[in-house]
Amino acid sequence: MKGSLWKVLGMGVLPGLIVLLLPSCVTLGGDLDHASKRYGTEGASRERFIHCSGHGCRNRRTVSLGDDGWSRIEAAFGTPEPGEDAAGERARIRRALAEIEKVVGAKTGTSTDVGGSFSGVGKPGQMDCVDEMLNVATYMTVLIDEGLVKQHRLGRRYTNHIFKTGAWPHT
């Protein structure tokens, strides 16, 4: 077997790189329900949900927020002001999501996640864009189902990929 890997695989360098890049942070097809079913994260509640890490939800941990964790999240979410608009609720959602990340990160070992696409690759507790998308969708589902979020709903999952944008794939 003489020659480069690309020749062995019967590809040039550019097609070979494209083949390697395609799985990176790409979840093609379907909406959030499809992604939740594909990765086994459906059926989330504050008592039990699946948390993803390890790039592409390779590591799945069953997590409970517990009464103490839920109290912290409710306190972070706070109480809406009379006549609060959607922007006000988004600010409260941001605080609640940050608190959920702290509670869950302590339980799953993902509190050391390094932001960005490449900085923490291979380090324990790392999450990629697919993990982040699934986790935030799970957290939002819990906040909505628990009646905290009233002015927002989950939208569609969006994935850009090299063929759409010419940029690095990202969900």
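That block above? That's the structure.
Just so you know, these numbers come straight off a predicted model, no measurement behind them.

Draft legend 1. Looking closely at the packing of aromatic side chains. This structure, assessed with the given rule, holds 1 aromatic pair. Summarising the aromatic geometry, the rings of F49 and Y139 are spaced 6.1 Å apart at their centres and angled 80 degrees between planes, so their arrangement reads as edge-to-face. Taken together, the positions of F49 in strand β1 (residues 49–53) and Y139 in helix α6 (residues 129–145) put the pair 90 residues apart, joining distant regions of the chain. As far as the burial class goes, F49 and Y139 line up, both buried.

Draft legend 2. Main features of the pattern of salt bridges. For the coordinates displayed, the defined rule picks out 5 salt bridges. Between E146 and R46 there is a salt bridge, with the nearest N and O atoms lying 3.5 Å from each other. Here E146 is found in the loop between α6 and α7 (162–165), whereas its partner R46 is found in the loop between α3 (32–39) and β1, with 100 residues between them in sequence. Given the relative accessible area of 34%, E146 is considered partly exposed. The class for R46 is partly exposed, based on a relative accessible area of 22%. Notably, a salt bridge pairs E99 with R72, separated by 2.6 Å at the nearest N-O pair. Placement of the pair is E99 in helix α5 (residues 86–108) and R72 in helix α4 (residues 66–77), with a sequence separation of 27 residues. Bridged by salt links that share partners, the residues R46, E47 and E146 form one connected network.

Draft legend 3. The packing of α5 against α6, seen in detail. Following both chains from N to C, one finds α5 and α6 inclined at 115 degrees, their axes separated by 11 Å at the closest point. In terms of axis orientation, α5 runs roughly perpendicular to α6. For the element pair α5 and α6, the recorded crossing hand is right-handed. Of α6, the residues touching α5 (which contributes I93, A96, L97, I100, E101 and V104) are E132, V136, Y139, M140 and L143. Its residues assigned to classes, the contact of α5 with α6 comprises 9 nonpolar, no polar and 2 charged.

Draft legend 4. Region of the structure containing α3. Here α3 has its buried residues at L32, A35, S36 and Y39. Viewed along the axis of α3, the buried residues span an arc of 100 degrees, placing them on a single side of the element. Turned more than 90 degrees from where α3 packs its buried face, D33 and K37 sit exposed. Along its buried surface, α3 packs onto β2 (59–63) and α6.

Each value, and the rule that gives it
- Residues numbered from 1 in each chain as written.
- Predicted model: local features only at pLDDT ≥ 70, side-chain atom pairs only at ≥ 80, totals over all residues.
- Heavy atoms only, no water.
- Phe/Tyr/Trp six-rings, centres within 6.5 Å; stacked < 30°, edge-to-face > 60°.
- Helix = DSSP H or I, 4+ residues; strand = E, 2+ residues; numbered from the N terminus.
- Buried < 20%, exposed > 50% of the residue type's maximum accessible area, 1.4 Å probe, protein only.
- Salt bridge = Lys/Arg side-chain N within 4 Å of Asp/Glu carboxyl O.
- Axes fitted to C-alpha atoms, helices over the stretch in contact; angles between N-to-C directions.
- Parallel < 35°, antiparallel > 145°, perpendicular 65-115°, else oblique.
- Left-handed = near helix turned anticlockwise from the far one by under 90°.
- Contact = heavy atoms within 4.5 Å.
- Nonpolar A, V, L, I, M, F, W, Y, C, P; charged D, E, K, R; others polar.
- Arc of directions from axis to C-beta.

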